[in-house]
Amino acid sequence: MNVMYFAWVRERIGVPQEKVQTKAATVADLVAELVAREDRYAAAFADISALRVAVDQELVDFDAPLAGVREVAFFPPMTGG
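Residues numbered from 1 in each chain as written. Predicted model: local features only at pLDDT ≥ 70, side-chain atom pairs only at ≥ 80, totals over all residues. Heavy atoms only, no water.

1. Some remarks on the sheet that holds strand β5 (residues 71-75)
With mixed pairing, five strands are arranged side by side in an open sheet as β2-β1-β5-β3-β4. What marks the edges here is a single partner per strand, and that holds for β2 (17-19) and β4 (58-60). In this sheet, adjacent strand axes meet at a mean angle of 25 degrees when their direction is disregarded. In the sheet, strand β3 (residues 52-55) pairs with β5 via four bridges, with the strands oriented antiparallel. Bridging across to β5, Ala54 finds its partner in Ala73. Across the sheet, helix α2 (residues 27-37) touches β1 (2-5), β2, β3 and β5, and the angle it forms with β5 is around 70 degrees. (Pairing = 2+ DSSP bridges. Helix = DSSP H or I, 4+ residues; strand = E, 2+ residues; numbered from the N terminus. Axes fitted to C-alpha atoms, helices over the stretch in contact; angles between N-to-C directions. Contact = heavy atoms within 4.5 Å.)

2. Brief notes about the environment of Val20
Mapped onto the secondary structure, Val20 falls in the loop between β2 and α2. Sequence-wise, Val20 and Leu34 are 14 residues apart; in three dimensions their C-alpha atoms are separated by 9.2 Å.

3. Considerations on unusual backbone geometry
The phi dihedral of Ala7 is positive, around 55 degrees, even though this residue is not glycine. Inspection of the secondary structure assignment puts Ala7 in the loop between β1 and α1 (8-13). Phi at Gln57 is positive, roughly 65 degrees, even though this residue is not glycine. You can see Gln57 is positioned in the loop between β3 and β4. The exposed category is assigned to Gln57, whose relative accessible area is 70%. (Buried < 20%, exposed > 50% of the residue type's maximum accessible area, 1.4 Å probe, protein only.)

4. Considerations on the pattern of salt bridges
Enumeration over the complete set of coordinates arrives at two salt bridges. One salt bridge connects Arg37 with Glu18, and the closest N-O pair in it is separated by 3.2 Å. With Arg37 in helix α2 and Glu18 in strand β2, this pair connects stretches of sequence that are 19 residues apart. Put simply, Glu38 and Arg40 hold a salt bridge, and the shortest N to O gap is 2.7 Å. The class of Glu38 is partly exposed, set by a relative accessible area of 38%. Given a relative accessible area of 28%, Arg40 falls into the partly exposed group. (Salt bridge = Lys/Arg side-chain N within 4 Å of Asp/Glu carboxyl O.)

Structure (structure tokens):
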């Protein structure tokens, strides 16, 4: 699946997106797999309460299933102005 990172998440990981092979059942499982990869992922996902996630361009919670998903995007909450 394609995993996309925005704002400070992208800055901490160092890439805007990547293809990921995963056996994760949920978004939280995917985060755990990514954190186990390298310290840069651990830094980006240190506080998931400060993140939002979209699956196939739809906002979801971290317990959302990943079966059949093509894209997951992680980003900080947005503020209006």
